Amino acid sequence: MPLLLKGYPLKMAPRKYLNSDFAGSGSIPGWGMRTVARFRRYKYKSVVHIKNRVMPINRFISYTLTSGQSEAIRQMESFFRDDRQIYVLQGYAGTGKTTLLKGILDYLDAEKRPYKLMASTGRAARVLTNKTGRSASTIHSTIYEIDSARTDVQDDRKVLAFRLRQNQDAAETLYFIDEASMIADKTEMNQNLLFDDGRFLDHILRYIGRRKIIFVGDSAQLPPVNCSFSAAMDADYLERTYHRKVTMVGLTEVKRQEGFGGIITNATQLREKLNSGTLPPVSLKISGFDDIMPSVNIWKAVKDYSVEILNQGFESEIFISYSNGGAHYLNSEIRRNIYKNPDTPLQADEWLMVIQNNYQTGYNNGQHLRLLNWNNNGEKVGNISLVDAEVEDPQTGISKSVKLVYDLLFRKDPNLTLDEEKEFTKDFAIRMRHMGIKPGTDSFLVRLISDKRLNALRVKFGYAITCHKAQGGEWDKVYMNIEPALEKMPRDLQYRWLYTAITRAASYLVVPNHPILY
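Everything quoted here is computed from the prediction, not taken from an experiment. (Residues numbered from 1 in each chain as written. Predicted model: local features only at pLDDT ≥ 70, side-chain atom pairs only at ≥ 80, totals over all residues. Heavy atoms only, no water.)

**Student:** Looking at this structure, I do not really get empty space enclosed by the protein. What am I missing?
**Tutor:** Rolled over the atoms, a probe sized like a water molecule indicates the empty space that remains. On inspection of all chains with the given rule, the structure shows three cavities of 30 Å³ or more. Counted as a void, the largest cavity has a volume near 50 Å³. In terms of lining residues, the largest cavity is bounded by Asn266, Gln269, Leu270, Lys273, Val282, Ser283, Leu284, Lys285, Tyr495 and Tyr518. Ranked by residue count, the leading element in the lining of the largest cavity is helix α9 (residues 262-276), at four residues. Residues that form the lining of the largest cavity fall into these classes: five nonpolar, three polar and two charged. (1 Å grid on protein atoms, 1.4 Å probe; cavity = no way out; pocket = protein on both sides within 12 Å on 5 of 7 lines; lining within 4 Å. Points joined across faces, edges and corners; volume = space filled by probe spheres on them. Helix = DSSP H or I, 4+ residues; strand = E, 2+ residues; numbered from the N terminus. Nonpolar A, V, L, I, M, F, W, Y, C, P; charged D, E, K, R; others polar.)

Structure below.
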């Protein structure tokens, strides 16, 4: 029964009964002392509980909810109180996942319940921060720390070992992870892994312990690299593998882009066919939509894109390709259009993309940087050229002095070879021996993290990037190249690739002419 004030439900009571004179006097007409004391607690503490009932989350949401969003909130309210540990919020493009999340966070702030926001990549963390108005970090930076006892560098190998941080958060802390479809849970062993066996999902759940976690993502997107499904978005997998109780809610009703433009229409058709189990040859409808613009061919698209980024800046547009080789070709052609010379060396104000996490600078794989200036002093590690450079994070405006691996910019290969990486470790080990700094010491660990030469930034030109690198990001306008190699993929991955690529566009999509377009 609702709490009454002079015959009114509390939320409907006349304002005169809610002012400080009545509430503070200890005597309100028609009230007993116990009721007055209860009201004073509610008024002065601004608590959202009334008679052990929690104020609905939808009080903190200013728009009309879809039926799916209403159900998601109802289940979330139960999840906050019951013994379930994992909540999976599955939402397709345009269904309002992030907008709903903002309202939930407003509610938690009112309840004074602690929470943390994380995302799978640095790009996704920045998008989440911008959309919720709250600080979000990468999962890696939150759950891992360097394990100095197992970190080692010898002439022929580098072991940069990590361990799980000790979790000091309160037991009632909630964890929200956005873009959770990118979280892998597959055992892999190689020296570049952050932690032990590569089972990222397992590490996350070990880190949070018995606390509650909310995975937010879109299962129609590409799964993690070299994985066949998105483990963190699969309730059956979570329950079967980790023996945790799971609540799963799906959002399917589109709210983004009123009028159902071509981007959302195509995204909806792609994922509906994907979920139906019947996959005809993939196609993309472009006629009749203002937000999808066909281009005569790839060269015309490259020319238009080059002109636009020169006039409007790099941040609001991106060119998405299927393969690393395709991205390399597009970057070369875009630079040819910008500088009018196919052999133009690196220039100030170029747009770069980090291709490997870098702990000396804090830059993340997939992060874009603006090159302010650079200088070639003829420095080499083995046969690899390094240059000194000043780069800027466009999101923060903060610049840093770094070393760049110059050769990678002009190579088709996605990264250095294993033998080339060994040259860096050998070079570092020799320099440390000459300085008398032994492995396992604090000085060695400090040098390992801070040495600019060992930690030279691995970067590529960032005008065109692969769909996997774009995942978690959003641009106002996206150019998309449909490569022949896409047609050789399994059909379900063709659908997922197209779905992921086109939903990176917030407003406009440009597609060069291709047989799948109609």
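Past the structure itself, the notes keep going.
**Student:** Just checking my understanding: could you explain the confidence of the model for the protein for this structure?
**Tutor:** Where the model shows low pLDDT, its predicted coordinates should not be examined in detail. Residues at a pLDDT of 70 or more form 86% of the protein, whose mean pLDDT is 87. The low-confidence segment residues 1-33 (pLDDT under 50) makes 51 contacts with residues lying over four places distant or belonging to another chain. Under a pLDDT of 50 for its full length, residues 35-52 has, in the predicted model, 41 contacts with residues more than four places off or in other chains. (pLDDT = per-residue confidence, 0-100. Contact = heavy atoms within 4.5 Å.)

**Student:** What is the right way to read the nonpolar core from this model?
**Tutor:** The nonpolar side chains of a soluble globular protein tend to be buried, and buried together. Among the nonpolar cores identified, the biggest contains 114 residues, and Ile183, Leu201, Phe215, Phe319, Leu404 and Met480 are the most heavily contacted of them. Setting aside residues no more than four positions away along its own chain, Phe215 makes contact with Ile86, Tyr87, Val88, Leu89, Ile177, Ala180, Ile183, Leu201, Leu205, Ala232 and Met233. One finds Phe79, Leu117, Leu128 and Val216 within the second-largest nonpolar core, a separate group that totals 29 residues. (Core = buried A, V, L, I, M, F, W, Y, C linked by side-chain atoms within 4.5 Å. Buried < 20%, exposed > 50% of the residue type's maximum accessible area, 1.4 Å probe, protein only.)

**Student:** What is the right way to read the pattern of salt bridges from this model?
**Tutor:** A side chain with one charge may pair with a side chain of the opposite charge, provided their charged atoms come close. Applying the stated criterion to the full structure yields 28 salt bridges. Here Asp106 makes a salt bridge to Lys102, at a shortest N to O gap of 3.8 Å. Residue Asp106 and its partner Lys102 are both found in helix α4 (residues 97-111); the two are separated by four residues, about one turn of the helix. What makes Asp106 partly exposed here is its relative accessible area of 24%. A salt bridge links Lys131 to Glu474, with the shortest nitrogen-to-oxygen separation between them at 3.3 Å. Here Lys131, found in helix α5 (residues 122-132), pairs with Glu474, found in the loop between α14 (467-470) and β23 (475-480); they are 343 residues apart in sequence, far enough to count as distant. (Salt bridge = Lys/Arg side-chain N within 4 Å of Asp/Glu carboxyl O.)

**Student:** Explanation requested: the packing of aromatic side chains in the structure shown.
**Tutor:** The relative placement of two aromatic rings is captured by the distance of their centres and the angle of their planes. A complete count under the given rule lists 21 aromatic pairs for this structure. A centroid spacing of 6.3 Å and a plane angle of 90 degrees characterise the contact between Tyr115 and Phe176, whose relative ring orientation is edge-to-face. Here the residue Tyr115 occupies a position in strand β6 (residues 115-119), and Phe176 occupies one in strand β12 (residues 174-178), the gap between them amounting to 61 residues. Here Tyr144 and Phe200 contribute two aromatic rings whose centre-to-centre distance is 6.3 Å and whose plane-to-plane angle is 15 degrees, an arrangement assigned as stacked. (Phe/Tyr/Trp six-rings, centres within 6.5 Å; stacked < 30°, edge-to-face > 60°.)

**Student:** Sorry if this is basic, but what is going on with the packing of helix α12 (residues 418-435) against helix α13 (residues 442-450) here?
**Tutor:** In helix packing, the relevant descriptors are the interaxial angle and the interaxial distance, both defined with respect to the helix axes. Closest axis-to-axis distance for the α12/α13 pair is 12 Å, and the angle between their directions is 140 degrees. Relative to α13, α12 is oriented oblique. As α12 runs across α13, the sense of the crossing is right-handed. Counted together, Phe428, Met432 and Met435 of α12 and Phe444, Arg447 and Leu448 of α13 form the full contact between these two elements. (Axes fitted to C-alpha atoms, helices over the stretch in contact; angles between N-to-C directions. Parallel < 35°, antiparallel > 145°, perpendicular 65-115°, else oblique. Left-handed = near helix turned anticlockwise from the far one by under 90°.)

**Student:** Where do I start with α5 in this structure?
**Tutor:** One turn of an α-helix holds 3.6 residues; hence residues three or four places apart share an orientation. Along α5, the positions that sit buried rather than exposed are Gly122, Arg123, Ala124, Ala125, Arg126, Leu128 and Thr132. Remark: Gly133 follows α5 within two positions and exhibits a positive phi of approximately 75 degrees.

**Student:** Looking at this model, I keep getting lost on the side chain of Arg411. Mind explaining?
**Tutor:** Examined against the element boundaries, Arg411 turns out to sit in the loop between β20 (399-405) and α12. Only 2.6 Å separates the side chain of Arg411 from the side chain of Glu420, close enough to count as a polar contact. With residues near it in sequence (within four places) discarded, Arg411 still touches His328, Ile384, Leu416, Glu420 and Lys460. (Polar contact = N/O pair within 3.5 Å; in protein donor to acceptor, adjacent residues only side chain to side chain.)

**Student:** Quick question: what am I supposed to make of the environment of Thr396 here?
**Tutor:** Within the fold, Thr396 resides in the loop between β19 (384-392) and β20. Taking relative accessible area as the criterion, Thr396 reaches 48% and is therefore assigned partly exposed. A polar contact is formed between the side chain of Thr396 and the backbone nitrogen of Ile398, at a distance of 3.2 Å.

**Student:** What should I look at first to understand the sheet that holds β20 in this one?
**Tutor:** Strand order in the open sheet made by the five strands is β20-β19-β18-β17-β21, with antiparallel pairing throughout. The open sheet has two edge strands, β20 and β21 (459-461), and neither has a second partner. This sheet shows a mean twist of 40 degrees between the axes of neighbouring strands, independent of strand direction. Of the strand pairs in this sheet, strand β18 (residues 368-381) and β19 are connected by eight bridges, and their pairing is antiparallel. Within the sheet, the bridge partner assigned to Trp374 lies in β19 and is Ala389. (Pairing = 2+ DSSP bridges.)

**Student:** Just checking my understanding: could you explain unusual backbone geometry for this structure?
**Tutor:** Glycine aside, residues mostly have negative phi angles, and peptide bonds mostly take the trans form. One non-glycine residue, Lys340, adopts positive backbone phi at about 60 degrees. Inspection of the secondary structure puts Lys340 in the loop between α11 (324-339) and β17 (351-354). Even without being a glycine, Asp349 presents a positive backbone phi close to 75 degrees. Here Asp349 is to be found in the loop between α11 and β17.

**Student:** Help me understand the sheet that holds strand β5 (residues 86-91) in this model?
**Tutor:** In any sheet, the strands associate via hydrogen bonds between backbone groups, in a parallel or an antiparallel arrangement. As summarised here, the arrangement of the six strands in space is β7-β6-β12-β13-β5-β14, forming an open sheet in which the pairing is parallel. Pairing within the sheet leaves two strands with one partner each, and these edge strands are β7 (136-138) and β14 (246-251). Sheet twist, expressed as the mean angle between neighbouring strand axes with direction ignored, is 20 degrees. Most of the contacts of α4 go to β12, to which it runs at about 165 degrees, and overall it touches β5, β6, β12, β13 (212-217) and β14. Set on the sheet, helix α7 (residues 200-208) makes contact with β5, β6, β12 and β13; between it and β13 the angle comes to about 145 degrees.

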